[in-house]
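Spelled out, the chains give:
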Amino acid sequence: MLWSLSLQYGYGGVPGLAPRAFRTRTVMALHLLTTGALAAVAAGLGAAVEHRHGELPPNVRSLLCVGFAVSVLIGVGVPMASHSTNWRSGLRSALPALALPLLIGAFGNGLPSVWVVWLLIPSVAWPQGWHKRGARVSTTDARRRRDVAQVSRQVMPRPLPPCSPGG
């Protein structure tokens, strides 16, 4: 799911990035951060499989949760920084997805590793659902604008033909 945010709704392996929104050096730095966050998540998930019958060590739980939070932060912060998303919409999509991994990382002592992984899934699914909702809303808005334009063409009186002199 994390990669699908980058591939479906992103550019250059960075979720939320539009082509030519930033200079190449900035895109490469964002790609590095995204890849590092995904590597941290992969390492944390590997350790979760290793400790599947017990609880995760606190440092591994923190690594996993911070990796999730950084990937969500990049996915929401990049569109806000490139002005393709307004701040209100970006914060609405970011806060629930950021709060969950940070709370689990800080207060998840004693949680079994399986629970930690399952509790982190909504923080990944939230931005994906938000992107799909935004695409659905923009399609609905486009249909509404098209329908209004058709109705206004039907209702508007046709212009009178120009008058010819003397006639």
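Residues numbered from 1 in each chain as written. Predicted model: local features only at pLDDT ≥ 70, side-chain atom pairs only at ≥ 80, totals over all residues. Heavy atoms only, no water.

### A closer look at the overall build of the protein
Assigned secondary structure in the protein consists of five helices and two strands. For the protein, the N- to C-terminal ordering of α and β elements is α-β-β-α-α-α-α. Taking all 167 residues of the protein together, 32% fall into the buried category. (Helix = DSSP H or I, 4+ residues; strand = E, 2+ residues; numbered from the N terminus. Buried < 20%, exposed > 50% of the residue type's maximum accessible area, 1.4 Å probe, protein only.)

### Let's talk about the environment of Phe68
Checked against the element boundaries, Phe68 lands in helix 3 (residues 58–81). Phe68 sits 28 residues away from Ala40 along the chain, and the two C-alpha atoms are 8.2 Å apart.

### A closer look at helix 4 (residues 87–107)
Taking 1.5 Å per residue, 21 residues should reach 30 Å; helix 4 reaches 28 Å between its end C-alpha atoms and fits that length. Maximum bend of helix 4: about 30°, positioned at Ala94, with proline Pro96 one to four residues after it. If you check which residues of helix 4 are buried, you get Ser89, Gly90, Ser93, Ala94, Ala97, Leu98, Pro101, Ile104 and Gly105. (Expected span 1.5 Å × (residues − 1). Bend = angle between axes of the 7 residues up to and from the residue.)

### Quick look at the side chain of Ser123
Here Ser123 lies in helix 5 (residues 113–155). A distance of 2.6 Å separates the side chain of Ser123 from the backbone oxygen of Leu120, its partner in a polar contact. Apart from residues no more than four positions distant in its own chain, Ser123 is found in contact with Phe68, Val72, Ala97, Leu100 and Pro101. (Polar contact = N/O pair within 3.5 Å; in protein donor to acceptor, adjacent residues only side chain to side chain. Contact = heavy atoms within 4.5 Å.)

### Examining the packing of helix 2 (residues 24–50) against helix 3
Helix 3 packs onto helix 2 with a crossing angle of 150° between their chain directions and a minimal axis gap of 8 Å. As summarised for this structure, helix 2 and helix 3 are arranged roughly antiparallel, according to the angle between their axes. In this structure, helix 2 crosses over helix 3, and the sense of that crossing is left-handed. Here Leu30, Leu33, Thr34, Ala37, Ala40, Val41, Ala43, Gly44, Leu45 and Ala47 of helix 2 come into contact with helix 3, specifically with Val60, Leu63, Leu64, Gly67, Phe68, Val70, Ser71, Ile74 and Val78. Of the residues belonging to the contact of helix 2 with helix 3, the class tally is 15 nonpolar, four polar and no charged. (Axes fitted to C-alpha atoms, helices over the stretch in contact; angles between N-to-C directions. Parallel < 35°, antiparallel > 145°, perpendicular 65-115°, else oblique. Left-handed = near helix turned anticlockwise from the far one by under 90°. Nonpolar A, V, L, I, M, F, W, Y, C, P; charged D, E, K, R; others polar.)

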